[in-house]
Amino acid sequence: MDVRDLFEKGGTTMWPLFALSVLSLATILERLWFWFKTLRKEEELVESVLAASANNEWDTAAQIAKQERNRKPIGRFLYEPLKRANPDPETFKLALEASAEEEIATMRRGDKMLESIIALAPLLGLLGTVLGLIRSLDGVKLNDLGTAAGGNVTLGISESLISTAAGMIVAIFSLAFYRLFQGLIFGQIKLFRGAGNQLELLYREHWLNLKGQPLDRDNPDAIL
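Quick caveat, the model's predicted, so the values are computed rather than measured. Position numbers for residues count from 1 along each chain, tracking the sequence in the order it is written. Only residues with pLDDT of 70 or above have their local features reported here, since the model is predicted, and side-chain atom pairs are shown and tallied only from 80 upward, although totals for entire chains, interfaces and linings are computed over all residues. Excluding hydrogens and water, the side-chain figures rest on all heavy atoms present in the structure.

Focus on the overall build of the chain
Part 1 of the argument: Of the regular secondary structure elements, the chain holds eight helices and zero strands.
Part 2 of the argument: Under the scheme used here, helices are H or I runs from DSSP no shorter than 4 residues and strands are E runs no shorter than 2 residues, and both carry numbers assigned from the N terminus. When the helices and strands of the chain are listed from N to C terminus, the series reads α-α-α-α-α-α-α-α.
Part 3 of the argument: In this scheme, a residue with accessible area under 20% of its type's maximum is buried, one over 50% is exposed, and one in between is partly exposed, where area comes from a 1.4 Å probe on protein chains only. Taking all 224 residues of the chain together, the buried fraction comes to 39%.
Part 4 of the argument: When checking whether two residues touch, look at their non-hydrogen atoms; a contact exists if any pair is within 4.5 Å. For the chain, the share of sequence-separated contacts (at least 6 apart) that also reach a separation of at least 24 residues comes to 72%.
Part 5 of the argument: Carbon together with sulfur atoms contributes 60% to the accessible area of the chain, which is approximately 13,300 Å² in total. All accessible areas in this document rest on Shrake-Rupley with a 1.4 Å probe, and a residue is counted as covered only by the protein chains that are shown.

If you want it as structure tokens, here you go:
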């Protein structure tokens with residue numbers, strides 16, 4: 001059975017399923033390319049920025065983050081507070097939080113598309129099967145069972161199940177990559193939280209040193 005026969009026997013819903021499969025594949029390839037660029041040498045960037053900050057080289061830290069801001073979300077996340085001229089700790093923290101929200105939203109791009117495909121593909125496949133069953137059973141009489149006409153009905157039912165199988169394949173394929181992307185997003189949230197907390201603590205130490213006041217490490221928001 002070639003592709004043309006598969007589409008003809010699967011019914012009219014095979015074309016919407018084909019469109020969904022193309023959308024799914026395009027979304028998955030775009031996200032895979034995004035994550036390939038994002039994850040490469042990401043931890044090295046964080047370590048470099050934090051090391052420069054720990055050495056009180058804030059201009060150097062900002063420059064390192066700036067060089068990667070067009071390629072990596074973590075670069076934009078770290079650069080957002082560092083680009084500001086001597087912000088107070090609260091402003092520094094707010095800049096980190098706002099940047100994190102924006103970058104996480106960017107990482108979730110494509111999620112709604114995959115979620116829709118995962119929900120629609122099995123339903124379209126089921127619809128195709130129901131329409132195929134209606135077409136196969138239309139005009140069949142009880143005394144046709146066991147005859148050649150009954151055999152044709154069985155063949156029609158078998159062919160109508162093609163659309164259900166196609167819908168399930170599209171949904172399962174999309175779901176597998178959707179779960180992969182969700183895991184990657186979760187990892188990024190952990191990385192952003194850890195890097196942001198360390199950078200914020202280093203900046204508070206720097207700020208309070210400028211003010212000549214020590215930092216209570218059990219409560220970084222409080223001045224001793």
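Some words on the nonpolar core
Part 1 of the argument: Only buried residues count toward a nonpolar core. Its members are Ala, Val, Leu, Ile, Met, Phe, Trp, Tyr and Cys residues joined through side-chain atoms within 4.5 Å. Core analysis: the biggest nonpolar cluster contains 34 residues, and Val49, Ile74, Phe77, Leu78, Leu82, Met107 and Leu199 have the highest contact counts within it.
Part 2 of the argument: The biggest single contributor to this core is helix H8 (residues 148-211), with 10 residues.
Part 3 of the argument: Once residues lying within four places of it in the same chain are set aside, the contact partners of Phe77 are Leu96, Ser99, Ala100, Phe192 and Gly196.
Part 4 of the argument: Counting 10 residues, the second-largest nonpolar core is a separate cluster that includes Leu20, Ile117, Ala166 and Ala171.

Quick notes on the packing of aromatic side chains
The geometry of two aromatic rings is summed up by the distance between their centres and the angle between their planes.
Part 1 of the argument: The criterion for an aromatic pair is that two Phe, Tyr or Trp rings (for Trp, the six-membered ring) have centres within 6.5 Å, with stacked assigned to planes under 30 degrees apart, edge-to-face to planes over 60 apart and tilted to the rest. Tallying each qualifying case throughout the model produces nine aromatic pairs.
Part 2 of the argument: Geometrically, the ring pair formed by Trp33 and Phe36 is stacked, given 5.7 Å between the ring centres and 20° between the ring planes. Within this pair, Trp33 and its partner Phe36 are both found in helix H2 (residues 14-39), separated by three residues, close to a single helical turn.
Part 3 of the argument: Both rings, one in Trp58 and one in Tyr203, keep their centres 5.4 Å apart while their planes meet at 90°; by these two values the pair is edge-to-face.

Let's talk about helix H4 (residues 58-68)
Part 1 of the argument: Those residues of H4 that fall on the buried side of the exposure criterion are Trp58, Ala61, Ala62, Ala65 and Glu68. Around the axis of H4, the buried residues are gathered within 130° of arc, so they sit on the same side. In this description, the arc belongs to the directions extending from the helix axis to the C-beta atoms.

Re the pattern of salt bridges
Part 1 of the argument: Basic side-chain nitrogens of Lys or Arg form a salt bridge, by our definition, when they fall within 4 Å of a carboxyl oxygen of Asp or Glu. What the rule picks out here adds up to eight salt bridges.
Part 2 of the argument: The salt bridge partner of Glu115 is Lys112, with a shortest N-O separation of 3.8 Å. Of this pair, Glu115 and Lys112 both sit in helix H7 (residues 111-137), three residues apart, roughly one helical turn.
Part 3 of the argument: By relative accessible area, Glu115 is classed as partly exposed at 31%.
Part 4 of the argument: Sharing partners across several salt bridges, the network here consists of Glu30, Arg31 and Arg109.

Here's the deal with unusual backbone geometry
Part 1 of the argument: Although it is not a glycine, Asn56 adopts a positive phi angle of roughly 65°.
Part 2 of the argument: With respect to the helices, strands and loops of the structure, Asn56 is situated in the loop between helix H3 (42-54) and H4.
Part 3 of the argument: Positioned with a positive phi, Asn86 is a non-glycine residue whose angle comes to about 45°.
Part 4 of the argument: Of note, Asn86 is situated in the loop between helix H5 (73-82) and helix H6 (89-107).
Part 5 of the argument: Among the residues examined, Asn86 registers a relative accessible area of 61% and is labelled exposed.

Overview of the environment of Ile28
Part 1 of the argument: The residue Ile28 is located in helix H2 in this model.
Part 2 of the argument: As a C-alpha pair, Ile28 and Met113 span 85 residues in sequence and 10.0 Å in three-dimensional space.
Part 3 of the argument: Setting aside residues no more than four positions away along its own chain, Ile28 makes contact with Leu114, Phe173, Ser174, Phe177 and Phe181.

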